[in-house]
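# Residue-level structural notes
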Amino acid sequence: MKNGNTPDVNKWRSAEHVSGYLEIVDSRPHKEEINNAFLEQIPSGVQNVLDLGTGDGRLLWLVLQKNPNARGIGLDFSEPMLELSRKRFQDNKNVEIVKHDLNVPLPKEWCGRFDLVVSGLAIHHVFDERKRELYAEIFDVLVSGGVFLNLEHVSSPSEVLHEKFLVAIGKSKITDDPSNKLLDVCTQLNWLREIGFEDVDCFWKWLEVALLGGTKP
Ligand SMILES: C[S@@+](CC[C@H](N)C(=O)[O-])C[C@H]1O[C@@H](n2cnc3c(N)ncnc32)[C@H](O)[C@@H]1O
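Attention in this report is confined to the structure presented alongside it. Just so it is clear, the structure is predicted and the values come from calculations on it, not from any experiment.

Cut-offs used in this document
- Residues numbered from 1 in each chain as written.
- Predicted model: local features only at pLDDT ≥ 70, side-chain atom pairs only at ≥ 80, totals over all residues.
- Heavy atoms only, no water.
- Near = heavy atom within 4 Å.
- Polar contact = N/O pair within 3.5 Å; in protein donor to acceptor, adjacent residues only side chain to side chain.
- Areas by Shrake-Rupley, 256 points an atom, 1.4 Å probe, with all protein chains shown as cover.
- Nonpolar A, V, L, I, M, F, W, Y, C, P; charged D, E, K, R; others polar.
- Salt bridge = Lys/Arg side-chain N within 4 Å of Asp/Glu carboxyl O.
- Helix = DSSP H or I, 4+ residues; strand = E, 2+ residues; numbered from the N terminus.
- Buried < 20%, exposed > 50% of the residue type's maximum accessible area, 1.4 Å probe, protein only.
- Pairing = 2+ DSSP bridges.
- Right-handed = clockwise from strand over helix to strand, strands pointing away.
- Contact = heavy atoms within 4.5 Å.
- Phe/Tyr/Trp six-rings, centres within 6.5 Å; stacked < 30°, edge-to-face > 60°.
- 1 Å grid on protein atoms, 1.4 Å probe; cavity = no way out; pocket = protein on both sides within 12 Å on 5 of 7 lines; lining within 4 Å.
- Points joined across faces, edges and corners; volume = space filled by probe spheres on them.

## A few points about the site of the ligand
Within the structure, the ligand sits among 19 residues, and Y21, G53, D76, L102 and G120 are positioned closest to it. In this structure, an oxygen atom belonging to the ligand sits 2.6 Å away from a side-chain N or O atom of D76. Here a nitrogen atom of the ligand and a side-chain polar atom of D101 are 2.9 Å apart. When the ligand is considered free in solution it has 590 Å² of accessible area, and contact with the protein chains removes 98% of it. Among the residues forming the shell around the ligand, the class breakdown is seven nonpolar, nine polar and three charged.

## Considerations on the pattern of salt bridges
Per the counting criterion, the structure on display carries 12 salt bridges. A salt bridge links R13 to D101; the nearest nitrogen and oxygen atoms lie 3.5 Å apart. Remark: D101 occurs in the loop between β3 (95-99) and β4 (114-120) and R13 occurs in the segment before α1 (15-25); sequence separation between them is 88 residues. E194 is the salt-bridge partner of R132, the closest N and O atoms lying 2.7 Å from each other. Here R132 is found in helix α5 (residues 128-141), whereas its partner E194 is found in helix α7 (residues 185-195), with 62 residues between them in sequence. Taking the relative accessible area as the measure of exposure, R132 reaches 29% and is therefore partly exposed.

## Observations concerning the pairing of strand β2 (residues 71-76)
Within β2, five of the six residues are buried, which leaves the element mostly enclosed by the surrounding structure. Bridge analysis of strand β1 (residues 48-52) against β2 gives five bridges, and the strand direction is parallel. Each bridged residue has a counterpart across the sheet, and for L50 the counterpart in β2 is I73. Of the crossover connections in this fold, the one passing from β1 over helix α3 (residues 58-66) to the parallel β2 is right-handed. In this structure, β2 lies alongside β3, joined through five bridges in parallel fashion. Across the sheet, G72 pairs through a bridge with V95, a residue of β3. Following the backbone out of β2, through helix α4 (residues 79-88) and into the adjacent parallel β3, one traces a crossover that is right-handed.

## Focus: the environment of L60
Looking at the element boundaries, L60 is found in helix α3. Residues L60 and N94, spaced 34 residues apart in sequence, show a C-alpha to C-alpha distance of 12 Å. The contacts of L60, once residues within four sequence positions are left out, are V49, D51, T54, G72, I73, G74, F89 and V95.

## Here's the deal with unusual backbone geometry
Even without a glycine there, the phi angle at H30 is positive, about 65 degrees. Examined against the element boundaries, H30 turns out to sit in the loop between α1 and α2 (31-41).

## Thoughts on the packing of aromatic side chains
Applying the stated criterion to the full structure yields seven aromatic pairs. Ring geometry for Y135 against W191: centres 6.5 Å apart, planes inclined by 65 degrees, an arrangement best described as edge-to-face. Here Y135, found in helix α5, pairs with W191, found in helix α7; they are 56 residues apart in sequence, far enough to count as distant. Residue Y135 is classed as buried on the basis of its relative accessible area of 0%. Residue classification places W191 among the buried residues on the basis of a relative accessible area of 14%. Here the aromatic residues Y135, F139, F148, W191 and F197 are joined through ring pairs into a cluster of three or more.

## Things to note about empty space enclosed by the protein
The final tally for this structure, using the stated rule, is one cavity of 30 Å³ or more. What the largest cavity holds in volume is close to 400 Å³. Every residue lining the largest cavity is counted, 25 residues in all, and those nearest its centre are G53, D76, G120, L121 and A122. Classifying every residue of the lining of the largest cavity by side-chain character gives 10 nonpolar, nine polar and six charged.

Written out as structure tokens, the structure reads:
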């Protein structure tokens, strides 16, 4: 189901859109802080990790830096991104890169398989109803004690703050990504709690970038 007037647009299959992102991603504000906040929350001793919307695999790579023996699966639906992540992990037999649209349910056979599920700036590309369904599917694919970490682009509480964020990342309403379907932090944390996650929190936040997560009891 759509979010109000949010258009049903997703530009991430386009090579031009992907290269535009990759040109700016390393110079985004607070990059080191974001990586450190994410690394701090990644448990050690991870055996099986799933990365949703893996892009060029940068988040999965961070997880594997901390857990070099873990097996990883990276999902994405964008051919240019899949090519980059396959290249990044070509020498790591423990990593599988799979083409998958996040609008489609996660495979049932993955139930109870992962002790860590991560996602970076990806889930806000599906509509809100699907976000919630996906969170429930993530709960299902985790083992008991498994952790979900979502480094997400979230909505601002006001238009003024949204514009402040766009300026801070060098964008404007005209150059903003029309693929975004942003949702506030509180709703997402409440959904995680309702689904059954515990120790749910927003572990880090700067304007519209937030690290959300929880643990499956
Ligand atoms: C902003 S990029 C983030 C990539 C990477 N996780 C990172 O942290 O740099 C968003 C990623 O989500 C993927 N994505 C967007 N919509 C998707 C969908 N419906 N199904 C699967 N992947 C999707 C895009 O292809 C892209 O790789």
